[in-house]
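The primary structure of each chain is shown beneath.
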Amino acid sequence: MTDKLGDNRSEEIFEDFKGEYTREQAVVEANRCLYCADAPCVQACPTHIEIPQFIRKIATGNVKGSARTIFESNILGMSCARVCPVEVLCAGDCVYNHMGMPPIQIGKLQRFSTDHAFDAGWRFFEAGPDSGKSVGLIGAGPASLACAHELRREGHSVTIYEKRAEVGGLNTTGVAPYKMKADRSVEEAEWVLGIGGVEVKTGVTIGQDVTFEALENSHDALFLGAGLGADTAMRIPGEQLEGVHGAVAWIEKMKLAKVPASARTCVVVGGGNTAIDAVREAGGLGIRRVVMVYRGAQEKMSGYRHEWRAAQVEGAEAQWHALPVAFEGDGKVERVRCVKLDDAKKPIPGSEFVIDAELVLIAIGQSKLGEMLATLQGVELDRGRIVADEHGRTGRKGLFAGGDCKNGGKEVVNAAAEGKAAARAIHDYLMGGTNA
Amino acid sequence: MPDLFTNCGGITSPNPFWLASAPPANSGAQIQRAFDAGWGGAVWKTLGQPIQNVSSRFGATNVRGVQGAGFNNIELITDRSLEINFAEIYDTKKKYPKHAVVVSLMVETKQEWKDLIKRSIDAGADGLELNFGCPHGMCERGMGSAVGQEPRVNQEITSWAVEFSSVPVLVKLTPNVSDIVPHGLAAKRGGAHGVSLINTIKSIIGVDIDRYVLEPRVAQLSTNGGYCGSAVKPIALHMVAALAREPKFGLPISGIGGISNWRDAVEFLLLGSSSLQVCTEVMLRGYRVVEDMIDGLEEYMRTHGFERLDQMIGKAIPSFSEWGNLDLNYETVAKIDADKCIGCHLCVVACHDGAHQCIHPVKDGKTRVPVIDESECVGCNLCKIVCPVDDCITMVQVDNGFAPSTWNEHVTQGKPLRPKKGAH
């Protein structure tokens, strides 16, 4: 499937922000780990990887065992090693922080072991004996991949329906290329699906190419891991100008194909992690001036501090308490007209200003996909999110959900955890245990 | 300014730090560089009939990322000609008259001992060290530990050396014996002016697990070597102290065995060493380590009010007693400093799996500072040992109302013992 990705993709010029460890570096760092009991890092990981154990195995030279420990908890451990915001998860809770010392570089150590596993072609899990049950999974992103793998270990047959040509979901189309590139995500998806017995139908949109009811009829259970929808539009004048893009769509194009790189100035609208990613990516593509425009205060932005710090180091600028009111230009966008906002987010009269921008990326959120399911009996929505319990059980019999469509947009590691948890619940359901 | 002047059995040096007889003391050029770096003395790599060595020769024990926590070798005595060695001893002594140059010797016959002793003294040796210790190679030829393990042979050869020598004679003892004391006493009966200990411990440093061959590997074979380095320090301390506390012994001791820094040096001095010999740490880190040894020792002496080494030598010996004299009513419990605790729970798991199950996590999840059940804590120290934070866990004495009582006193005088803890 990797060959489906084009050559000469824009993302290819990016280098890893956090480099990979040599064996010596990994062993030195692994030996620094205190090997805590009931370790806080494990509790902070949504997939509860036994971090001290996998790190100890690196230190002893048991890299295969280390990788097994990681994948046992999280089959997407390779991509999570690269894309997890460890600063606010495992490493953020490392006890070394309380000693005023740098936390263990858990992400880099996990990358060391999992890259090793990929490079060596190690596989750790086999499909279970055929259960005679069939599960349909909607979406081929991290939640579905984790779910599919766990279901195959129990011997259930699995079909994945994906609207895109590529598998891997946001791991393929959305992860910042200085963390992971699309080909590595596709490679991971293929490795996960290598457990065998998973049929992947790409280019299939539910409700368009096949109805939801038809899927329900052809499977014993369904898992919804469809992610989020299109970028939210600002609905202001000039949004149709050339050079104005939804950030998620632009990032996808940058990763899977080529985006024009002639712009000298760029404005990114928003203050979340997609906005910061877009800022760093635009800068990385060589755009000299990149300005993030956020309507609130810096402290209020939802993007991670460590990410924004990195963006600043790379030269990004910001306008806080500011809101675009129009995109201006002659066919192509040339500038963004903004207004300053007060603490109540009300425009301040006479505060208008203009920022030159030949590229505008709008990162103010994505639509939720739930609307299409709202008509289904038993399915409950909360602001567009599918309501499901911690085991992914929705209110509709046989329908389970996980990942962004359930949690509203979190990390890959959350999707992996939710996909796996749902698989356990689906297994119970199929084997006559608890109902959905 | 504390005075580090050292006198070990009549061999004097500006400080107690001597290179042990080993690869770092193989040649005049090396020893002269060591003296320039600050070493007070050197025991020349053992002279005898020059041998042929194998390759490879060294192996190491690595512990959780620390390379060379233990070390071993299968190298033999000098492989350089005696003429060159004696010429270099002469040159070194001429250039460094105040430093101690001790010549280590290992030969077979009485005549050979006589010849080499004469030539050593003629070259300017300040003292001799009789190598009765090497546990590999030379012992197969009836020398080294083959001598040191046999008190009568030890005594006899020592008496030859003392007879032939006009300079002090130290006997280097092997630790490959069940009790060091008879061997020290044999050297004393032979007339030795002092002893050096420990030599290396008979060992297999490891196995090449892919080739199924011992390390260090010589083609498809290997042999036992001599173990040394930081890992052997506790064994060395015990043997040094066992002789130092022996009333019938009373000779000066040159302490050897895992001395890697000034703290180790202080421990050896407090247990009765009057000079200190170092090899492995120099092999791993170079002569420059002596700088920290010297100023660390000086600062320790200043802090503790010692002006001369003899004021501190053996100062901890009176605390070395028999188990039967320990106060069974002395009670300590562990205390955790909540402000220092980082919540790693290493004490929890260590106590739970390796001790008396008396340190518990707090269930409410609000804090990761564990709780110690003092009614169950036996005061074993394990939690304090595994804690990564300095002074976070301390062992605090508890007043249990019982007067001191040792096992011996309990048995002979019926003194009451406190109720046992953690014994249910």
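Everything quoted here is computed from the prediction, not taken from an experiment.

A. Broad picture of the overall build of chain A. Of regular secondary structure, chain A possesses 15 helices and 15 strands. What you see for chain A is a C-alpha radius of gyration of 22 Å, in line with the 22 Å of a compact globule of 436 residues. Across the 436 residues that make up chain A, the buried fraction comes to 56%. Contacts spanning at least 24 positions in sequence make up 71% of the contacts within chain A whose residues lie at least 6 apart. Separation between the mean location of the 50 positive side-chain charges and that of the 58 negative ones in chain A comes to 2 Å.

B. Quick look at the sheet that holds strand β10 (residues 335–340) of chain A. Residues and elements named next belong to chain A. Spatially, β9-β10-β11 is the arrangement adopted by the three strands of the open sheet, whose pairing is antiparallel. Looking at the sheet topology across the chains shown, the edges are occupied by β9 (322–328) and β11 (353–356). Averaged over all neighbouring strand pairs, the angle between strand axes comes to 30°, with direction disregarded. With four bridges connecting them, β10 and β11 associate as antiparallel partners. Looking at β11, one finds that Arg 335 is bridged to Asp 356.

C. Just the packing of helix α4 (residues 63–73) of chain A against helix α6 (residues 106–120) of chain A, in detail. Residue and element names in this part refer to chain A. Where α4 contacts α6, the two axes come as close as 9 Å, and the packing angle between them is 105°. Classified by the angle their axes make, α4 and α6 are roughly perpendicular. Of the residues in α6, those touching α4 at Val 63, Ser 66, Ala 67, Ile 70 and Phe 71 are Gln 110, Phe 112, Ser 113, Thr 114, His 116, Ala 117 and Phe 118.

D. Looking closely at the packing of helix α1 (residues 23–32) of chain A against α6 of chain A. All names here are of chain A. Two elements in contact, α1 and α6, have axes separated by 10 Å at closest approach and are oriented at 135°. Our classification of the angle between α1 and α6 gives oblique. For α1 against α6, the interelement crossing comes out left-handed. For the pair α1 and α6, contact is made by Arg 23, Ala 26, Glu 29 and Ala 30 and by Leu 109, Phe 112 and His 116, respectively. Its residues assigned to classes, the contact of α1 with α6 shows four nonpolar, one polar and two charged.

E. Representation of a nonpolar patch on the surface in the model. All names here are of chain B. Among the surface-exposed residues, Trp 323, Leu 326, Trp 407 and Val 411 lie close enough to one another that they form a single nonpolar patch of about 460 Å² accessible area. As for its placement among the helices and strands, Trp 407 is situated in helix α13 (residues 407–413). Accessibility expressed as a relative area gives 41% for Trp 407, which makes it partly exposed.

F. Spatial organisation of the interface of chain B and chain A. Contacts between the two partners involve 12 residues from chain B, matched on the other side by 12 residues from chain A. For the chain B and chain A pair, buried surface summed over both sides reaches about 910 Å², with 61% attributable to carbon and sulfur atoms. Considering only the surface of chain B that becomes buried against chain A, Ile 342, Leu 346 and Arg 368 of chain B emerge as the three largest contributors, covering 50% of it. At the boundary of chain B and chain A, one finds zero salt bridges. The interface formed by chain B and chain A includes four residue pairs in polar contact (both at pLDDT 80 or more). Residues that form the side of chain B that touches chain A fall into these classes: seven nonpolar, three polar and two charged.

G. Representation of empty space enclosed by the protein within the structure. Residue and element names in this part refer to chain B. Within the structure shown, the criterion is met by six cavities of 30 Å³ or more. Size it by volume and the largest cavity reaches roughly 430 Å³. The wall of the largest cavity is formed by 34 residues, among which Ser 21, Ala 22, Lys 172, Thr 200 and Cys 279 lie closest to the centre. Taken together, the residues of the lining of the largest cavity break down into 17 nonpolar, 13 polar and four charged.

H. Highlighting the packing of aromatic side chains. Residue and element names in this part refer to chain A. Counted under the stated rule, the structure contains 15 aromatic pairs over all chains. Ring geometry for Phe 71 versus Phe 118: centroids 6.3 Å apart, planes at 40°, classification tilted. Taken as a pair, Phe 71 in helix α4 and Phe 118 in helix α6 lie far apart in primary sequence, 47 residues in all. Of the two residues, Phe 71 and Phe 118, neither departs from the other in class, the shared state being buried. Ring centres of Trp 308 and Trp 320 lie 5.6 Å apart, and the angle between their planes is 75°; on these two criteria the pair is classed as edge-to-face. Taken together, the residues span a long stretch of sequence, with Trp 308 in helix α13 (residues 305–313) and Trp 320 in the loop between β8 (317–319) and β9 at a distance of 12 residues. Following the ring pairs from residue to residue traces out a cluster consisting of Phe 71, Phe 118, Phe 124, Phe 125 and Trp 191. Of note, Arg 56 hangs over the ring of Tyr 35, and the distance from its end group to the ring centre comes to 4.8 Å.

I. Representation of the sheet that holds strand β8 (residues 127–131) of chain B in the model. Residue and element names in this part refer to chain B. One closed barrel holds the eight strands; their spatial order is β3-β4-β7-β8-β9-β10-β15-β16, and the pairing between them is parallel. Across this sheet, the average inter-strand angle for adjacent strands is 25°, counted without regard to direction. Pairing analysis gives four bridges linking strand β15 (residues 253–256) to strand β16 (residues 273–278), with the strands arranged parallel. Looking at the pairing, Ser 254 lines up with Ser 275 of β16.

J. Representation of the domain arrangement of chain B in the model. In terms of domains, chain B is made up of domain 1 (6–318) and domain 2 (323–413). A C-alpha centroid distance of 39 Å is found between domain 1 of chain B and domain 2 of chain B.

K. Quick peek at the domain arrangement of chain A. Residues and elements named next belong to chain A. Taken domain by domain, chain A holds domain 1 (2–9 + 17–120), domain 2 (134–227 + 369–430) and domain 3 (244–362). Across the boundary between the two partners, domain 1 contributes eight residues, which contact 10 residues of domain 3. Carbon and sulfur atoms supply 61% of the area buried between domain 1 and domain 3, which totals about 660 Å² over both sides. Where domain 1 meets domain 3, there are zero salt bridges. Applying the counting criterion to the domain 1 and domain 3 interface returns two residue pairs in polar contact (both at pLDDT 80 or more). Across the side of domain 1 that touches domain 3, the residue classes break down as four nonpolar, two polar and two charged.

Cut-offs and rules
- Residues numbered from 1 in each chain as written.
- Chains lettered and ligands numbered in written order.
- Predicted model: local features only at pLDDT ≥ 70, side-chain atom pairs only at ≥ 80, totals over all residues.
- Heavy atoms only, no water.
- Helix = DSSP H or I, 4+ residues; strand = E, 2+ residues; numbered from the N terminus.
- Rg over C-alpha atoms; globule rule 2.2 N^0.38 Å.
- Buried < 20%, exposed > 50% of the residue type's maximum accessible area, 1.4 Å probe, protein only.
- Contact = heavy atoms within 4.5 Å.
- Lys, Arg positive; Asp, Glu negative; His and termini not counted.
- Charge placed at Lys NZ, Arg CZ, Asp CG, Glu CD.
- Pairing = 2+ DSSP bridges.
- Axes fitted to C-alpha atoms, helices over the stretch in contact; angles between N-to-C directions.
- Parallel < 35°, antiparallel > 145°, perpendicular 65-115°, else oblique.
- Left-handed = near helix turned anticlockwise from the far one by under 90°.
- Nonpolar A, V, L, I, M, F, W, Y, C, P; charged D, E, K, R; others polar.
- Patch = residues over 30% accessible without salt bridge, like charges linked within 9 Å, V, L, I, M, F, W, Y side chains within 5 Å.
- Areas by Shrake-Rupley, 256 points an atom, 1.4 Å probe, with all protein chains shown as cover.
- Salt bridge = Lys/Arg side-chain N within 4 Å of Asp/Glu carboxyl O.
- Buried area = accessible area lost by both parts, 1.4 Å probe.
- Polar contact = N/O pair within 3.5 Å; in protein donor to acceptor, adjacent residues only side chain to side chain.
- 1 Å grid on protein atoms, 1.4 Å probe; cavity = no way out; pocket = protein on both sides within 12 Å on 5 of 7 lines; lining within 4 Å.
- Points joined across faces, edges and corners; volume = space filled by probe spheres on them.
- Phe/Tyr/Trp six-rings, centres within 6.5 Å; stacked < 30°, edge-to-face > 60°.
- Lys NZ or Arg CZ within 6 Å of the ring centre and 35° of its normal.
- Domains from an automatic or database assignment.

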